[in-house]
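Structural description and commentary
The primary structure of each chain is shown beneath.
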Amino acid sequence: MDATTPGPFDPDLLDREDVRRALAEHDFAGAFALIKKYGGLSQNRIAVACLLTPGKVSAIISGNQQVTSFDVIRRISDGLRIPGHLLGLAPRAWEAGHVVDAPSERTGERPGPEQIPWQPAATVDLAVELTRSDLVMDRRAVTRALAGTAVAGAALLDPLEGWLQAPARSAPPRRRGRLGEREMDELESTARAFRAWDHRYGGGLRRKAVLGQLSEVAAHLDEHQTPKVERRLYQVMAQLGGTAATMAWDSGLQRAAQNYYLLALRASHAAQDTVFGANVLAGMARQMLYRDRPQDALELIRLAQEGSREAAGPRVRAMLHTREAWALSAMGRTTAFQRATAQAADCLASAGSGDEPFWIDYFDEAELAGVTGGRLLDLARQDPSRHAETAATEIRRALSRRGSEAGRSHALDRIGLAECQFLLGDLTGAVEEVDRAVEAARSTRSSRVHTQLGQLYPYTVGHSTSRPVREARDKIRDLLSN
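Residues numbered from 1 in each chain as written. Predicted model: local features only at pLDDT ≥ 70, side-chain atom pairs only at ≥ 80, totals over all residues. Heavy atoms only, no water.

**Digging into the overall build of the protein**
- Within the protein, the regular secondary structure consists of 24 helices and 0 strands.
- Classification of the 482 residues of the protein by burial places 52% in the buried group.
- Restricting the contact set of the protein to residue pairs at least 6 apart, pairs at least 24 apart contribute 70%.
- For the protein, the computed accessible surface area is about 21,700 Å², with 48% contributed by carbon and sulfur atoms. (Helix = DSSP H or I, 4+ residues; strand = E, 2+ residues; numbered from the N terminus. Buried < 20%, exposed > 50% of the residue type's maximum accessible area, 1.4 Å probe, protein only. Contact = heavy atoms within 4.5 Å. Areas by Shrake-Rupley, 256 points an atom, 1.4 Å probe, with all protein chains shown as cover.)

**A word on the confidence of the model for the protein**
- When pLDDT is averaged across the protein, the result is 84; 87% of the residues are at 70 or more.
- Confidence, read as mean pLDDT per element, is least for helix 6 (residues 103-107) in the protein (37) and greatest for helix 16 (residues 314-330) (96).
- Here residues 97-114 is modelled with pLDDT under 50, and outside its nearest four sequence neighbours on either side it reaches 35 contacts, counting other chains as well. (pLDDT = per-residue confidence, 0-100.)

**Looking at empty space enclosed by the protein**
- Within the structure shown, the criterion is met by 2 cavities of 30 Å³ or more.
- Here the second largest cavity is characterised by a volume of approximately 30 Å³.
- Along the walls of the second largest cavity sit T322, A325, F337, T341, L368, V371, T372 and R375, which together make up its complete lining.
- Elements with a contribution of two residues or more to the lining of the second largest cavity: helix 16, helix 17 (334-349) and helix 18 (365-380).
- Counting residues per element, the lining of the second largest cavity draws most heavily on helix 18, which supplies 4 residues. (1 Å grid on protein atoms, 1.4 Å probe; cavity = no way out; pocket = protein on both sides within 12 Å on 5 of 7 lines; lining within 4 Å. Points joined across faces, edges and corners; volume = space filled by probe spheres on them.)

**Section: the side chain of R402**
- Mapped onto the elements of the fold, R402 is located in the loop between helix 19 (384-401) and helix 20 (408-423).
- Among the residues examined, R402 registers a relative accessible area of 12% and is labelled buried.
- Polar contacts involving the side chain of R402 include one to the side chain of E367, which spans 2.5 Å.
- A polar contact of 2.7 Å, which involves the side chain of R402, links it to the side chain of D413.
- With residues near it in sequence (within four places) discarded, R402 still touches A366, E367, G370, S409, H410 and D413. (Polar contact = N/O pair within 3.5 Å; in protein donor to acceptor, adjacent residues only side chain to side chain.)

**Section: helix 18**
- The end-to-end C-alpha separation of helix 18 is 22 Å, in line with the 22 Å expected for 16 residues at 1.5 Å each.
- In terms of burial, helix 18 is a largely internal element, 14 of the 16 residues being buried.
- For helix 18, the side-chain oxygen to backbone nitrogen distance between the N-cap and A366 is 3.1 Å, and the N-cap itself is D364. (Expected span 1.5 Å × (residues − 1).)

**Regarding the side chain of D27**
- Mapped onto the elements of the fold, D27 is located in the loop between helix 1 (17-24) and helix 2 (28-39).
- Engagement of the side chain of D27 in a polar contact is seen with the backbone nitrogen of G30, the distance being 3.1 Å.

**Focus: the packing of aromatic side chains**
- Within the structure shown, the criterion is met by 6 aromatic pairs.
- Residues Y290 and W326 carry aromatic rings whose centres are separated by 5.8 Å and whose planes lie at 70 degrees to one another, so their mutual orientation is edge-to-face. In this pair, Y290 sits in helix 14 (residues 274-290) while W326 sits in helix 16, placing the two residues 36 residues apart along the sequence.
- When its relative accessible area of 35% is taken as the criterion, Y290 is described as partly exposed. (Phe/Tyr/Trp six-rings, centres within 6.5 Å; stacked < 30°, edge-to-face > 60°.)

**A short note on the pattern of salt bridges**
- The tally for this structure, following the rule as stated, stands at 28 salt bridges.
- Two residues, D185 and R232, come together in a salt bridge whose shortest N-O distance is 2.8 Å. With D185 in helix 10 (residues 181-201) and R232 in helix 12 (residues 227-250), this pair connects stretches of sequence that are 47 residues apart.
- The shortest N-O distance in the salt bridge between R436 and E433 comes to 2.9 Å. With R436 and E433 both in helix 21 (residues 427-441), this residue pair falls 3 residues apart, about one helical turn.
- Under the relative-accessibility criterion, E433 is labelled buried at 10%.
- Within this structure, E181, D185, E188, K228 and R232 form a network of salt bridges that share partners. (Salt bridge = Lys/Arg side-chain N within 4 Å of Asp/Glu carboxyl O.)

**Topic: unusual backbone geometry**
- Of note in this structure, R81 is not a glycine but carries a positive phi near 60 degrees.
- Phi is positive for D292, close to 60 degrees, though the residue is something other than glycine.
- With respect to the element layout, D292 can be found in the loop between helix 14 and helix 15 (294-308).
- D292 gets classed as exposed once you look at its relative accessible area, which sits at 65%.

**Overview of the nonpolar core**
- Judged by nonpolar contacts, the single largest core of 96 residues is most densely connected at L160, M237, L281, M284 and L300.
- When residues of this core are assigned to their parent elements, the largest contribution, 12 residues, is made by helix 12.
- Discounting residues that sit within four places of it in the chain, M237 has contacts with T123, A127, L214, V217, A218, L221, L263 and A267.
- Listed in part, the 27 residues of the second largest apolar core include L14, A47, V57 and I76. (Core = buried A, V, L, I, M, F, W, Y, C linked by side-chain atoms within 4.5 Å.)

**Observations regarding a negative patch on the surface**
- Among the surface-exposed residues, D158, E161, E299 and E306 lie close enough to one another that they form a single negatively charged patch.
- Mapping E306 onto the fold places it in helix 15. (Patch = residues over 30% accessible without salt bridge, like charges linked within 9 Å, V, L, I, M, F, W, Y side chains within 5 Å. Lys, Arg positive; Asp, Glu negative; His and termini not counted. Charge placed at Lys NZ, Arg CZ, Asp CG, Glu CD.)

**Topic: the packing of helix 13 (residues 254-270) against helix 14**
- With their axes 8 Å apart at the nearest point, helix 13 and helix 14 run at an angle of 160 degrees to one another. With respect to helix 14, the axis of helix 13 lies roughly antiparallel. In this structure, helix 13 crosses over helix 14, and the sense of that crossing is left-handed. In this structure, helix 13 uses Q254, A257, Q258, Y261, L262, A264, L265 and S268 to contact helix 14, whose residues at the interface are F276, G277, V280, L281, G283, M284, R286, Q287 and M288.
- Within the contact of helix 13 with helix 14, the residues separate by chemical class into 10 nonpolar, 6 polar and 1 charged. (Axes fitted to C-alpha atoms, helices over the stretch in contact; angles between N-to-C directions. Parallel < 35°, antiparallel > 145°, perpendicular 65-115°, else oblique. Left-handed = near helix turned anticlockwise from the far one by under 90°. Nonpolar A, V, L, I, M, F, W, Y, C, P; charged D, E, K, R; others polar.)

See below:
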């Protein structure tokens, strides 16, 4: 197959502005509908050309399913003869003057129809595609991305079973790399600095810088490095992917966040770093919890615990138990929540200093108290008399042990304590905490912080005779309106 092989429709169709826009934004519902209307292709013809089922094409056109796999996007490009640049891909092998290696050609294996294979070369391809499309995203694409929802249920969980398997070997790249210890130290320091910045400030202000660094790491992995350097590069890719995920999430880009979590998980798998992989799965679980999918979150945590059982230290195990407790509390399983929280405390009590990866250093007694307080607050919304005071006690413990340098976490603690005071009926204390919460929220760009702050607003409604409450309401509204 080459550029002279005719496609299934008149190539002039690709000159239409609406078609090009839909392809650039990966709006395959719109693209397929336009191809049907103006290209004369039936759903069956599209399905056959792209190696999809007719039901899959129907679900895409109706908007019930999104195309998120780059393997499927490549098949659409090849089957419908759509040049790679229209879809944000590198030139395809059949385009005139170009010869490129698809992942299946590199590895000799055909990727599954709805997933990227658990192979290092495919992970590099994923990093290249994600960063390329993200770095050139225009305003229209950003708007569409904000509307994108993360995958959940079996569509998310079933492919992740590959994380438990040993990584497959890929054929070595043709170009020889020259990275040494000094260059790797610099890359690791940069990844660490980005992670620390995100932890302190939140938001997506430096997201493009992280993506640029991620793209550079992918380029180095496309060269033939020594085994030691290659493994360290995959670890850096995993760390940058995790940071990009939290930054995308803080920018409201839920689907993008999940994509980068998946990249981070695959990179940690390629690096055979099961402990960081467990940390990534914990991040994915937290995203599911914010989407009110506690069962999915629990499945992700159980997968993390199973895969890292032999390698995780006490601090990592404690963190995983708190995510487990979070899922259980969201499911209304109060006794199981208390048991998992106690297990987290026991693990943390046995943790030493300096014997676990740097990225888990943040999980200390303050973090445990803050997370526990937040979960008790969830329960207090249903039964204030039973849980609100205990939640406030835990959150105060967190605030006493970490300062405003924690940024996003500090702001969330402040907001949580204000809500506890409202639930307890202490309007004076609640107003004081709202003042502190608004001030803390000003120091972060996190959309999560602003969303949580917005949840305080209803508590201030209905107190028109109370001037302090009205003033607190005005402060919340003013900050959220900026």
